[in-house]
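# An overview of the molecular structure
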Amino acid sequence: MTENTDLPAVSDKQRARIVAQPGLEVPLLPRQARAATPRPQGRPLRVDPCRTPSTTTAARTLTLPLSEVFGPTWQGEGPYAGRRCGFVRLGECNLTCEWCDTPYTWDRARHDVTAECPPTAVADIATAVTNLDVDVMVLSGGEPLLHAKRTPACALGVLLDCTPFVSWHVETNGTIPPPDWLVERVQHFTASPKVGTRDPEHRRLNPRALTAWRELCDQGAAAFKFVCRDEADLASVHSLCARMKIDAAHVWIMPEGRSAQAVLDAQRDLAPRIRDHGYNLTTRLHVLTYDDRRGV
Ligand SMILES: Nc1nc2[nH]cc(C(=O)O)c2c(=O)[nH]1
Ligand code: SF4
Ligand SMILES: [Mg+2]
């Protein structure tokens with residue numbers, strides 16, 4: 001593998017954060033090869049992302065605040081739990097959940113967020129994705145939709161256009177309605193609105209965004225995931241779903257917990273009530289397997 005000297009300078013610290021080896025030029029797949037690449041599951045995408053010379057230039061100049069690229073691992077949560085995949089974790093969040101397991105992406109009181117999530121060239125992130133050799137990539141954060149600007153010419157849009165060989169899934173807190181260009185490029189969204197956390201309700205629960213996620217659920221492109229600590233959280237989920245007309249079949253309830261024991265305890269505690277409400281249950285496979293380890 002040869003170092004690509006065309007890419008913008010990236011510090012050693014930034015490079016160390018990208019788990020896979022940077023430096024590989026992102027392969028430009030011929031149109032026929034792209035068309036033949038099977039989509040592993042889910043609905044077909046409405047557009048066939050295509051890299052153009054201007055996309056390549058943009059990938060070298062545009063940056064995203066990158067916390068980590070990691071994998072191969074398995075999706076630990078939600079409807080795709082157990083699916084082999086890689087992760088891209090971006091910095092910044094618009095909420096401040098007290099039990100957040102990635103505070104280093106947003107909490108400036110406790111972490112040097114700029115050092116944790118340095119601006120990283122889209123081309124370098126795309127290279128790391130290429131090197132993971134997975135067919136599903138999960139975009140998470142923080143809140144990744146903070147980086148989805150109005151048009152696909154933004155850094156996030158360019159990243160998705162540079163990586164047409166993977167199916168992208170997105171983990172979002174559900175506060176921001178997805179722009180059309182993102183819906184066209186993403187195979188699956190998991191929207192995880194927060195109940196019972198310290199942020200005021202008007203920041204956590206945006207009816208316009210919740211309606212957009214509900215409609216995407218009905219189209220088979222999204223699911224809701226709610227983190228619950230106790231029966232009070234579950235009751236809040238139930239009233240929200242009634243208010244927003246969210247079908248229980250599209251809801252996954254996940255026990256809160258940052259250790260295997262805590263996840264198991266909450267899961268055992270809540271399981272009967274989750275079943276009685278008609279919801280799906282998801283555990284946290286990576287926490288059961290590795291406890292509170294980063295990058296798994
Ligand atoms: N294995 C694994 N699965 C996950 N599902 C959602 C995650 C997240 O941090 O958003 C996550 C994560 O960090 N690791
Ligand atoms: S929305 Fe997610 S990333 Fe943001 S604070 Fe809450 S748990 Fe953490
Ligand atoms: Mg996590």
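Residues numbered from 1 in each chain as written. Chains lettered and ligands numbered in written order. Predicted model: local features only at pLDDT ≥ 70, side-chain atom pairs only at ≥ 80, totals over all residues. Heavy atoms only, no water.

The name recorded for the protein chain in an unreviewed UniProt entry is 7-carboxy-7-deazaguanine synthase, from Nocardioides vastitatis. Under the UniProt heading Function (unreviewed entry), the entry covering the protein chain gives this text: "Catalyzes the complex heterocyclic radical-mediated conversion of 6-carboxy-5,6,7,8-tetrahydropterin (CPH4) to 7-carboxy-7-deazaguanine (CDG), a step common to the biosynthetic pathways of all 7-deazapurine-containing compounds." Turning to the protein chain, the UniProt annotation filed under Catalytic activity (unreviewed entry) states: "6-carboxy-5,6,7,8-tetrahydropterin + H(+) = 7-carboxy-7-carbaguanine + NH4(+)". (UniProt positions renumbered as here; feature names shortened; annotations may be inferred.)

## A closer look at the site of ligand 2
Close contacts around ligand 2 come from Cys93, Leu95, Cys97, Trp99, Cys100, Thr102, Trp106, Gly142, Asn173 and Lys194, and that covers them all. Its atoms largely coinciding with the cavity grid, ligand 2 occupies the largest pocket. Grouping the constituent residues of the shell around ligand 2 by class yields six nonpolar, three polar and one charged. (Near = heavy atom within 4 Å. 1 Å grid on protein atoms, 1.4 Å probe; cavity = no way out; pocket = protein on both sides within 12 Å on 5 of 7 lines; lining within 4 Å. Sits in = over half its atoms within 2 Å of the grid points. Nonpolar A, V, L, I, M, F, W, Y, C, P; charged D, E, K, R; others polar.)

## Things to note about the pairing of strand S5 (residues 167-172)
The buried fraction of S5 amounts to six of the six residues, a majority that puts the element mostly inside the structure. Going residue by residue along S5, you find Ser167, His169 and Glu171 tucked away on one face and Trp168, Val170 and Thr172 tucked away on the opposite face as well. Pairing geometry for strand S4 (residues 136-140) and S5, over four bridges, is parallel. Counted as the bridge partner of valine 136 is serine 167 from S5. The β-α-β motif built from S4, the intervening helix H6 (residues 155-162) and the parallel element S5 has right-handed crossover chirality. Direction of pairing for S5 relative to strand S6 (residues 188-191): parallel, over a ladder of four bridges. Paired with glutamate 171 across the strands is threonine 190, a residue of S6. Following the backbone out of S5, through helix H7 (residues 180-185) and into the adjacent parallel S6, one traces a crossover that is right-handed. (Buried < 20%, exposed > 50% of the residue type's maximum accessible area, 1.4 Å probe, protein only. Helix = DSSP H or I, 4+ residues; strand = E, 2+ residues; numbered from the N terminus. Pairing = 2+ DSSP bridges. Right-handed = clockwise from strand over helix to strand, strands pointing away.)

## With respect to the sheet that holds strand S1 (residues 63-74)
Sheet architecture is open: nine strands sit in the order S3-S1-S2-S4-S5-S6-S7-S8-S9, paired in mixed fashion. If you trace the sheet from one side to the other, it starts and ends with strand S3 (119-121) and strand S9 (280-281), each paired once. Together, S5, S6 and strand S7 (222-228) form the strand contacts of helix H9 (residues 207-218), whose direction differs from that of S7 by roughly 120°. Sheet strands touched by helix H11 (residues 260-277): S7, strand S8 (251-255) and S9. Its angle to S8, the strand with the most contacts, is close to 140°. (Contact = heavy atoms within 4.5 Å. Axes fitted to C-alpha atoms, helices over the stretch in contact; angles between N-to-C directions.)

## A short note on the site of ligand 1
Taken together, the neighbourhood of ligand 1 is formed by Phe70, Trp74, Gln75, Gly76, Glu77, Phe87, Arg89, Ser140, Glu171, His286 and Val296. Residue glutamine 75 places a side-chain N or O atom 2.5 Å away from a nitrogen atom belonging to ligand 1. Residue serine 140 places a side-chain N or O atom 2.5 Å away from an oxygen atom belonging to ligand 1. The protein chains hide 92% of the 320 Å² of surface that ligand 1 would expose on its own. Comparing atom positions with the cavity grids shows ligand 1 to sit within the largest pocket. For the shell around ligand 1, the secondary structure elements donating two or more residues are S1 and strand S2 (84-90). Tallied by class, the residues present in the shell around ligand 1 amount to four nonpolar, four polar and three charged. (Polar contact = N/O pair within 3.5 Å; in protein donor to acceptor, adjacent residues only side chain to side chain. Areas by Shrake-Rupley, 256 points an atom, 1.4 Å probe, with all protein chains shown as cover.)

## Some words on the confidence of the model for the protein chain
Confidence along the protein chain averages 88 in pLDDT terms, with 83% of residues attaining 70 or more. A low-confidence stretch, residues 1-11 (pLDDT under 50), is modelled with 18 contacts involving residues beyond four sequence positions or located in other chains. Here residues 19-40 scores under 50 on pLDDT; set against residues more than four positions off or in separate chains, the count is 51 contacts. ipTM for the predicted complex: 0.99, alongside a pTM of 0.87. (pLDDT = per-residue confidence, 0-100.)

## Examining the UniProt feature "binding site: S-adenosyl-L-methionine" (unreviewed entry) in the protein chain
The sites that carry the UniProt feature "binding site: S-adenosyl-L-methionine" (unreviewed entry) are, in the present numbering, Trp99, Cys100, Asp101, Gly142, Ser192, Pro193 and Lys194. Put simply, the named residues that line the largest pocket are Trp99, Cys100, Asp101, Gly142, Ser192 and Lys194. Along the chain, tryptophan 99 falls in the loop between S2 and helix H4 (113-116). Here tryptophan 99 falls in the buried class, since its relative accessible area comes to 15%. If near-sequence neighbours (up to four positions away) are discounted, tryptophan 99 is found in contact with Lys194, Thr197, Val227, Arg229, Glu256 and Arg258. Residue placement: cysteine 100 occurs in the loop between S2 and H4. Excluding its chain neighbours within four sequence positions, the residues that come into contact with cysteine 100 are Trp106 and Arg258.

## Remarks on the packing of helix H5 (residues 122-132) against H6
Running from amino to carboxyl end, H5 crosses H6 at an angle of 35°, the nearest separation of the two axes being 9 Å. Considering how the two elements wind past one another, H5 and H6 form a crossing that is right-handed. Residues Val122, Ile125 and Ala126 of H5 pack against Ala155, Val158, Leu159 and Cys162 of H6. Across the contact of H5 with H6, the residue classes tally to seven nonpolar, no polar and no charged. (Left-handed = near helix turned anticlockwise from the far one by under 90°.)

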